Amino acid sequence: MAILVFSLAACGGGDKAQDSSGNAGNDGGGNTPVQPSDPNSQGTLQAATLLGTIAQADISAAVADKESLVQGLQPRYAVTSYRLEYLTIGAQGQAVRASGLVSVPVKPAGAKSPLLSYQHGTIFRDAETPSNNAVASEVAVVMASLGYIVLAPDYVGYGVSKGTPHPYLQSAPMAASVVDFLTAAKTWRSQEGVVDNQQLFLTGYSEGGYATMAAHRALQMNNSVHLQQLRAAVPGAGPYNVQVTLDSLINIVRKENSLVGALINPGFLRYLGGSAQREVRRALLRELLPDDADTVIDPLFLDNFLADNVAATARISNVHDWRPQAPVYLYHGRDDRTVPYASSTSTLAAMQAQGAGELVSLTDCPATPSSHIGCVAPFIGFMLGKLAPIAQDL
C-alpha cells in the first residue's frame, strides 16, 4: 500500500570520546546506559556488526545522480555504518530478534551529533531494508553525511527477522521496533563511546510516517527515558488514521478491479463466513504486494477492516487521536492516491481537539501533481528545513 521511499576507530558523531585515563567514555550526555538488566527483555542489544565506511565523495556522487531523491543536498562527512541486532516484539507480542542500521558521521574526536531516528517506507524485498542496503544512496547514509547519527530500524519481518510476519499498521509492535532500537542503540553508543548531543528527532514517510507517529505516542504514553531528548517529529504522508486510509484504498481497488470490487463491502462481509473473508483478503493482498515480494505481511489490519470492526481498528491500528507534547510537523500531498490526504487532515483535527494547538501543523506538498511518490523528494527537503533551526552540532 504505502510505497517504498527508499572502521570502529574512524566512527564519527563523532569518534570515541575518552576520559583522562584513556578509556572510552559514555554517550556524552551524562546518562548511564539503558541496557535492560534482563537479557531477554525488549531493547536488549544482541550483536553489532561493522558494515564499513563510505567516503564523502561517494555519497556526494550518489546524491548528484539523476535518479536520486535527495538531489541538492551537500554531504559533509564520510559515514561509518553498523548493523545492530536487538530484542523487540512481533504481531502476537512474542519476542523477536530484530535488526537495524546505525550510520555515524566521521567527525573529529569527541565531536557530538544529534540523533535522527529514520523510519523507512513500505518495502517488499528484504535486500532493500536499511541494514542490508548501507550504500551511498541509502537515505539513512545520506542523512548521516549531513552530521546526524542516524538510527534506521529494519522493522520486524525484515533483516535478521525475515520470515516473521511484518505487523503492518499495528501500532504496538511498530512502535516497539523503533523504541527498542533507540534503547539498543543507546547501549551500543555508550559501549563504543559514540557521542550524541542529547537531541533526538523522529522522521519517516508513508509507512515510515506511521511508524514515527506510533513511536512518538509510545514514548510519551510510557514516559520513556528517550522522551527527554525528543525535540520534534516530522512524519510525512502516513496512514495515521487507518480507517480513513483503508476506506480510500478500498474505493480505488473497487474502481480498478471489478471482480474484487464486487465482493468488497465491509458491512456486508462481516455477515459472511470466514472462508469468504479470507478469499477477499487474499485478493486484496495480491493487489498490494508485487509478484517478487519476499516478505510476509500480517493481515490483521485487513481482517479487522473487512469484519467492519471499527473498534479493533481504532485500538490496534490508529495513531492519530492523541495530544503530543513535542512539535509534530505533518506533511502530505493533496493528490495522494496511496495514502489519502484525509489521513493527515483528520490527524491534525484530532490532535488540535485534544489541545495540541500550534504544536501540530500540516504542510501541503507543492509538487504537481502532489502524488505519493512525487512528494518524497519535497518531503526530505521540508524535513531537513524543519530540523535545521533546532539541530545542533551538525
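Structure: see above.
Residues numbered from 1 in each chain as written. Predicted model: local features only at pLDDT ≥ 70, side-chain atom pairs only at ≥ 80, totals over all residues. Heavy atoms only, no water.

Looking at this structure, I do not really get the pairing of strand S7 (residues 230–236). What am I missing?
A regular strand places its side chains so that they alternate between the two faces of the sheet. The buried fraction of S7 is high, at six of seven residues. Alignment of strand S6 (residues 196–205) against S7, held across six bridges, turns out to be parallel. Looking at the pairing, tyrosine 205 lines up with glycine 236 of S7. Read as a crossover between parallel neighbours, the route from S6 over helix H4 (residues 207–221) to S7 is right-handed. Bridge count for S7 against strand S8 (residues 328–332) is two bridges, and the pairing is parallel. Within the sheet, the bridge partner assigned to alanine 233 lies in S8 and is valine 328. (Buried < 20%, exposed > 50% of the residue type's maximum accessible area, 1.4 Å probe, protein only. Helix = DSSP H or I, 4+ residues; strand = E, 2+ residues; numbered from the N terminus. Pairing = 2+ DSSP bridges. Right-handed = clockwise from strand over helix to strand, strands pointing away.)

Could you clarify how one ought to interpret unusual backbone geometry in this entry?
What you tend to see is this: most non-glycine residues have negative phi, and most peptide bonds are trans. Across the junction of threonine 368 and proline 369, the peptide omega takes the value -10 degrees, indicating a cis bond. Within the element layout of this structure, proline 369 appears in the loop between strand S9 (360–364) and helix H12 (376–387). You will see that leucine 169, though not glycine, has its phi angle at about 55 degrees, which is positive. As for its position among the elements, leucine 169 is in the loop between strand S5 (149–153) and helix H3 (171–192). The phi angle at asparagine 223 is positive, at roughly 50 degrees, despite the residue not being glycine.

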